[in-house]
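Coordinate analysis (summary)
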Amino acid sequence: MGIGNQTTISDFLLLGFSEHPRQQPVLFVLFLGMYLVTMLGNLLIIVAIGSDQHLHTPMYFFLANLSFTETSFSCTIVPKVLVNIQTQDHTISYAGCFVQMYFFMALTLLDDFLLAVMAYDRYVAICLPLHYATIMHPQRCLLLVAASWLCAHLLAFSLTLLMSQFSFCASRSIPHFFCDVPPLLKLACSDIHNFQVTMLTEAVLSGTIPLTCVLVSYAHIICTILRIPSTGGKHKVFSTCGSHLSVLTLFYGTIFLVYFQPSSSYSADTGVVVSVIYTMVTPMLNPFIYSLRNRDMKGALWRLFGWGKCALHKGSFPD
Ligand SMILES: *[C@@H]1O[C@H](CO)[C@@H](O)[C@H](O)[C@H]1NC(C)=O
C-alpha cells in the first residue's frame, strides 16, 4: 500500500498516545474527567449568566460567549481522543480530520478575538466609565461578537480550503492526538509554499491585532488605576480585570509554548504534553478562574441552585 503516489488517502491515524499502551486506561480516565469538568463548568457559567438579571452586562455576555467557545472547542477534540483510546482504533476519516482542523482553528481564533473584545470592554468600563453605557450598547456588543465569529471562520475556512487541495502520499500516520496543522503539513507532498505564506500572514494578523488591542487597553487601564489615590479604590477597580488577565495569560502562554518553540528542539512527546494542556486543561480552568475569583458570578451560581436568600447580602453593583 502507498507505493504509487496516485493512492488517495481516505483516512489518517492519530498516534498521539499509542506509544504508551499501559498508560491508556489512566489517560482515558484523566481525559474523561477533565472533559466532564470542562463541559459542566462552562455550561454552568452560561446558564448562570443567562438566568441572572444582575449579570446581563456586556462583560458577562462576552464571558458566556467565551465559555460557549471553550465548550465547543473541547467537543471538537476530546470525544475523538476518548473513542480512539477506548477502541484502540486510531483512524480518523479524511473528512473528519479536516472538519476537526477547521473547528480547532476557528475556535482558537474566536477565543483570541473574544479575549481582545473583553479587554476593550474593561478599558471602556474603567477609563471611560461615564460613556460605558453609550459605547457598549447591546447592538455594539452583538456587532463585536458577530465580527469575531465572521473573522475567525473566514480565516479558518481559507486555510482549510487551501489544505484540502494537497495530496497526502508520504504517510497516513499523524504523531499527534488531533488533526493540527503542523503535523498534517509534514505529511503533504504537494507544494506547501502558498499555504505557508497564507498561514503566516493570517497568524501574524490574528496574533498582533488582538494582542495589540489587549496591550493598549491594559496600558490605559493601568494608567487610570495609578491615578486613583486610595489603595482600596485601586484594588476594587482592578479586581474586575483579575479574572480576565488570568485567562489571557493562560491562553497566550500556552499558544506560545505550542507554536513558537524552535522546531529543532521539537520533540513529539513534549509537543503532546503541551498540547494536552492547551486543548484540555485551559478550557477546564476558565470557569474556575471566573467563578472562584468573582463575587457576582458566585452569587449567580448560588441563586441558580436556589440558595438565593443566602446570596442576597453579597450584593451586586448598582451598574
Ligand atoms: C454572546 O454575546 C451576545 C452579545 O452580547 C449576546 O447577545 C449573546 O447572548 C451571547 N451568547 C451567549 C451564548 O451567551
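Please read all numbers here as calculations on a predicted model, not as lab measurements. (Residues numbered from 1 in each chain as written. Predicted model: local features only at pLDDT ≥ 70, side-chain atom pairs only at ≥ 80, totals over all residues. Heavy atoms only, no water.)

1. A few points about the overall build of the protein chain
- Helix and strand counts for the protein chain come out as eleven helices and three strands.
- The order of helices and strands in the protein chain, counted from the N terminus, is β-α-α-β-α-α-α-β-α-α-α-α-α-α.
- For 319 residues, the compact-globule formula gives about 20 Å, and the C-alpha radius of gyration of the protein chain, at 22 Å, lands near that figure.
- For the C-alpha atoms alone, the extent of the protein chain along its principal axes is close to 70 × 40 × 35 Å.
- Counting all 319 residues of the protein chain, 45% fall into the buried class.
- Taking contacts inside the protein chain between residues at least 6 apart in sequence as the whole, the part at least 24 apart equals 76%. (Helix = DSSP H or I, 4+ residues; strand = E, 2+ residues; numbered from the N terminus. Rg over C-alpha atoms; globule rule 2.2 N^0.38 Å. Buried < 20%, exposed > 50% of the residue type's maximum accessible area, 1.4 Å probe, protein only. Contact = heavy atoms within 4.5 Å.)

2. Concerning the confidence of the model for the protein chain
- When pLDDT is averaged along the protein chain, the result is 86; 90% of the residues meet or exceed 70.
- Per-element confidence in the protein chain ranges from a low mean pLDDT of 50 for helix 11 (residues 308-312) to a high of 95 for helix 5 (residues 138-164).
- Scored below 50 in pLDDT, residues 1-6 shows two contacts in the model against residues more than four places distant or in partner chains. (pLDDT = per-residue confidence, 0-100.)

3. Describing unusual backbone geometry
- At Q88, a position not held by glycine, the phi torsion is positive, near 55°.
- Structurally, Q88 is set in the loop between helix 2 (58-87) and strand 2 (91-93).
- Among the residues examined, Q88 registers a relative accessible area of 45% and is labelled partly exposed.

4. Observations regarding the environment of C169
- Of note, C169 is situated in the loop between helix 5 and strand 3 (173-174).
- The class of C169 is partly exposed, set by a relative accessible area of 24%.
- Measuring from C-alpha to C-alpha, the distance between C169 and S190 comes to 9.0 Å, with 21 residues separating the pair along the chain.

5. Things to note about the site of the ligand
- Around the ligand, the neighbouring residues are F61, A64, N65, C141, L142 and V145.
- Interatomic distance of 2.2 Å between a side-chain N/O atom of N65 and an oxygen atom of the ligand.
- About the coverage of the ligand: the protein hides 68% of its 360 Å² of free accessible area.
- Among the secondary structure elements, those contributing two or more residues to the shell around the ligand are helix 2 and helix 5. (Near = heavy atom within 4 Å. Polar contact = N/O pair within 3.5 Å; in protein donor to acceptor, adjacent residues only side chain to side chain. Areas by Shrake-Rupley, 256 points an atom, 1.4 Å probe, with all protein chains shown as cover.)

6. So, the packing of helix 1 (residues 24-51) against helix 10 (residues 295-304)
- At a minimum axis distance of 9 Å, the contact between helix 1 and helix 10 shows a crossing angle of 85°. Taken together, the axis directions place helix 1 and helix 10 in an arrangement best described as roughly perpendicular. Contacts between helix 1 and helix 10 pair L44, I45, V47, A48, I49 and S51 from the former with M297, A300, L301 and L304 from the latter.
- A per-class count over the contact of helix 1 with helix 10 returns nine nonpolar, one polar and no charged. (Axes fitted to C-alpha atoms, helices over the stretch in contact; angles between N-to-C directions. Parallel < 35°, antiparallel > 145°, perpendicular 65-115°, else oblique. Nonpolar A, V, L, I, M, F, W, Y, C, P; charged D, E, K, R; others polar.)

7. Comments concerning the state of the cysteines
- For the structure shown, the criterion picks out one disulfide.
- C141 takes part in no disulfide bond, and the closest cysteine sulfur to it belongs to C213, at a distance of 14 Å.
- The cysteine C151 is free of any disulfide, with C213 supplying the nearest cysteine sulfur at 13 Å. (Disulfide = S-S within 2.5 Å.)

8. Structural notes on the nonpolar core
- Judged by nonpolar contacts, the single largest core of 92 residues is most densely connected at F12, F17, F31, M163, F168, F177 and L184.
- Among the elements that take part in this core, helix 3 (residues 94-127) stands out by supplying 21 residues, more than any other.
- In contact with F17, not counting residues within four places along its chain, are Q24, L27, F31, V81, I85, F177, V272 and V276. (Core = buried A, V, L, I, M, F, W, Y, C linked by side-chain atoms within 4.5 Å.)

9. Thoughts on the packing of aromatic side chains
- Summed over all chains, the structure comprises 18 aromatic pairs.
- Measuring from centroid to centroid gives 6.1 Å for F73 and Y278, while their planes differ by 65°, and the two rings are edge-to-face. One end of the pair, F73, is in helix 2; the other, Y278, is in helix 9 (residues 268-292), and 205 residues separate them in sequence. Both residues of the pair, F73 and Y278, count as buried.
- Both rings, one in F98 and one in F168, keep their centres 6.2 Å apart while their planes meet at 65°; by these two values the pair is edge-to-face. (Phe/Tyr/Trp six-rings, centres within 6.5 Å; stacked < 30°, edge-to-face > 60°.)

10. Side note on the sheet that holds strand 2
- The three strands are arranged 2-1-3 in an open sheet whose pairing can be described as mixed. A strand with exactly one partner marks an edge of an open sheet, and here the two such strands are strand 2 and strand 3.
- Of the strand pairs in this sheet, strand 1 (residues 11-14) and strand 3 are connected by two bridges, and their pairing is parallel. Bridging from a neighbouring strand, L13 pairs with S173 of strand 3.
- Sheet strands touched by helix 3: strand 1, strand 2 and strand 3. Its angle to strand 2, the strand with the most contacts, is close to 80°. (Pairing = 2+ DSSP bridges.)

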